[in-house]
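# Descriptive analysis of the structure
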Amino acid sequence: MPEFPIRRIAVQIEDIFHEGGPVARQPRRRAVAFGIVKNPFAGRYVEDLQPAMEDLKPLGLDLTDRLIAALGGNIAAIDGYGKGAIVGTEGEIEHGALWHVPGGYAMRERLGQAKAIVPSAMKVGGAGATLDVPLGHTNAAYVRSHFDAVEVRAADGPRPDEILFCLAMACGPRIHNRMGGLEAKDIKVWDGQR
């Protein structure tokens, strides 16, 4: 990736056993992978950004593969996802939007039949800024049991001329979910498209 040299990659994983109620038989597992890269557009305005999405595709695939491995390697168990970006202060929010195709489509490609939109969040921030990355079900946008967010933070990034690009995945619904609505077992062919 000559346009976006990587300074750092990290993977964070967590198991959630309970949220104050009974301990779940199967903990909910969430993971985030992020890469901090040099922003080739920092400090200047560039009209045509879209070609740079192609340069980010290898990072999207790499982070996706790391997440799948961290979650045990069984793509059938992964049923939640999201993505995000924190752009350093010499960049603009549109530089974070470069991640929509390379991040989202990498997860869809590796997970197989994922149909739902990949929830996303992005912002401009300094080193140590946090981002709440939204999570949703991989096959249906309206599965309430999978609405969630996972926090991403790197103490030393993004620096002003960098971007932190991240992907997140989860296995299973929120622990103790009980808000009703469409259940994962009842997803029909086009529920992910609504």
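Here the structure is shown first, and the text comes after it.
Bear in mind the structure is a predicted one, so any value in this text is a computation, not a measurement.

## Here we look at the overall build of the chain
- A tally of helices and strands in the chain yields 3 helices and 7 strands.
- Scaling as 2.2 N^0.38, a compact globule of 194 residues should have a C-alpha radius of gyration of about 16 Å, and the chain matches this with 17 Å.
- Expressed along its principal axes, the backbone C-alpha trace of the chain runs to roughly 50 × 35 × 25 Å.
- Looking at the chain as a whole, 45% of its 194 residues qualify as buried.
- Taking as baseline every contact in the chain between residues at least 6 positions apart, the subset at least 24 positions apart corresponds to 79%.
- Just so you have it, the chain exposes about 9500 Å², and 51% of that area is on carbon and sulfur atoms.
- Of the side chains in the chain, 23 bear a positive and 24 a negative charge, and the two mean positions are spaced by 7 Å.

## What to know about the nonpolar core
- Grouped together as the largest cluster of nonpolar side chains are 31 residues, with contacts concentrated most on Tyr-81, Leu-98, Phe-165 and Met-169.
- Residue assignment for this core shows that the elements contributing at least two residues are strand 2 (28-38), helix 1 (52-70), strand 3 (80-87), helix 3 (100-111) and strand 7 (162-171).
- With 7 residues, helix 1 is the single largest residue contributor to this core.
- Contact partners of Leu-98, with chain neighbours within four places excluded, come to Phe-4, Phe-41, Leu-49, Ala-52, Met-53 and Leu-56.
- Val-32, Leu-135, Val-150 and Val-152 belong to the second-largest nonpolar core, a separate cluster that totals 17 residues.

## Quick notes on helix 3
- The terminal C-alpha atoms of helix 3 lie 16 Å apart, and with 12 residues this matches the ideal 16 Å at 1.5 Å per residue to within 8%.
- Listing the buried residues of helix 3 in full gives Pro-102, Gly-103, Gly-104, Ala-106, Met-107 and Leu-111.
- Considering only its buried residues, helix 3 is in contact with helix 1, strand 3 and strand 7.
- Within two residues after helix 3, Gly-112 carries a phi angle of roughly 90°, on the positive side.

## Looking at the pattern of salt bridges
- The tally for this structure, following the rule as stated, stands at 12 salt bridges.
- Across the pair Asp-148 and Arg-30 runs a salt bridge, and its minimum N-O distance is 2.7 Å. Taken together, the positions of Asp-148 in strand 6 (residues 148-153) and Arg-30 in strand 2 put the pair 118 residues apart, joining distant regions of the chain.
- Connected through shared salt-bridge partners, Arg-7, Arg-8, Asp-156 and Glu-162 make up one network.

## Overview of the side chain of Asp-79
- Residue position: Asp-79 is located in the loop between helix 1 and strand 3.
- For the buried Asp-79, no salt bridge is present, and the opposite-charge side chain at shortest range is Arg-28, 5.8 Å distant.
- Dropping the residues within four chain positions of it, Asp-79 is found in contact with Gly-136, His-137, Thr-138, His-146, Ala-170, Cys-171 and Gly-172.

## Some remarks on the side chain of His-95
- Relative to the assigned elements, His-95 resides in helix 2 (residues 93-97).
- A distance of 3.1 Å separates polar atoms of two side chains, one belonging to His-95 and the other to Asn-39.
- Excluding residues within four positions of it along the chain, His-95 makes contact with Asn-39, Phe-41, Leu-49, Val-87, Ile-163 and Phe-165.

## Side note on a nonpolar patch on the surface
- Together, Ile-93, Met-122 and Val-124 give the surface a local cluster of nonpolar side chains, amounting to about 210 Å² of exposed area.
- Its place among the elements puts Ile-93 in helix 2.

## Overview of unusual backbone geometry
- The omega torsion across Gly-157 and Pro-158 is 0°, close enough to zero to call that bond cis.
- Position of Pro-158 among the secondary structure elements: in the loop between strand 6 and strand 7.

## Some words on the packing of aromatic side chains
- Tallied over the entire structure, the rule returns 2 aromatic pairs.
- With 6.4 Å between their ring centres and 65° between their planes, Phe-4 and Phe-41 make a pair best called edge-to-face. Of this pair, Phe-4 sits in the segment before strand 1 (6-16) while Phe-41 sits in the loop between strand 2 and helix 1, and the two are 37 residues apart along the sequence. Phe-41 shares its class with Phe-4; the two are buried.
- Here the aromatic rings of Trp-99 and Phe-165 are separated by 4.7 Å at their centres, their planes lie at 25°, and the arrangement is stacked. Of this pair, Trp-99 sits in the loop between helix 2 and helix 3 while Phe-165 sits in strand 7, placing them 66 residues apart in sequence. Each member of the pair, Trp-99 as well as Phe-165, is classed as buried.

What counts, and where the lines are drawn
- Residues numbered from 1 in each chain as written.
- Predicted model: local features only at pLDDT ≥ 70, side-chain atom pairs only at ≥ 80, totals over all residues.
- Heavy atoms only, no water.
- Helix = DSSP H or I, 4+ residues; strand = E, 2+ residues; numbered from the N terminus.
- Rg over C-alpha atoms; globule rule 2.2 N^0.38 Å.
- Buried < 20%, exposed > 50% of the residue type's maximum accessible area, 1.4 Å probe, protein only.
- Contact = heavy atoms within 4.5 Å.
- Areas by Shrake-Rupley, 256 points an atom, 1.4 Å probe, with all protein chains shown as cover.
- Lys, Arg positive; Asp, Glu negative; His and termini not counted.
- Charge placed at Lys NZ, Arg CZ, Asp CG, Glu CD.
- Core = buried A, V, L, I, M, F, W, Y, C linked by side-chain atoms within 4.5 Å.
- Expected span 1.5 Å × (residues − 1).
- Salt bridge = Lys/Arg side-chain N within 4 Å of Asp/Glu carboxyl O.
- Polar contact = N/O pair within 3.5 Å; in protein donor to acceptor, adjacent residues only side chain to side chain.
- Patch = residues over 30% accessible without salt bridge, like charges linked within 9 Å, V, L, I, M, F, W, Y side chains within 5 Å.
- Phe/Tyr/Trp six-rings, centres within 6.5 Å; stacked < 30°, edge-to-face > 60°.

It is worth stressing that arrangement in space is one thing and function is another; only the former is reported here.
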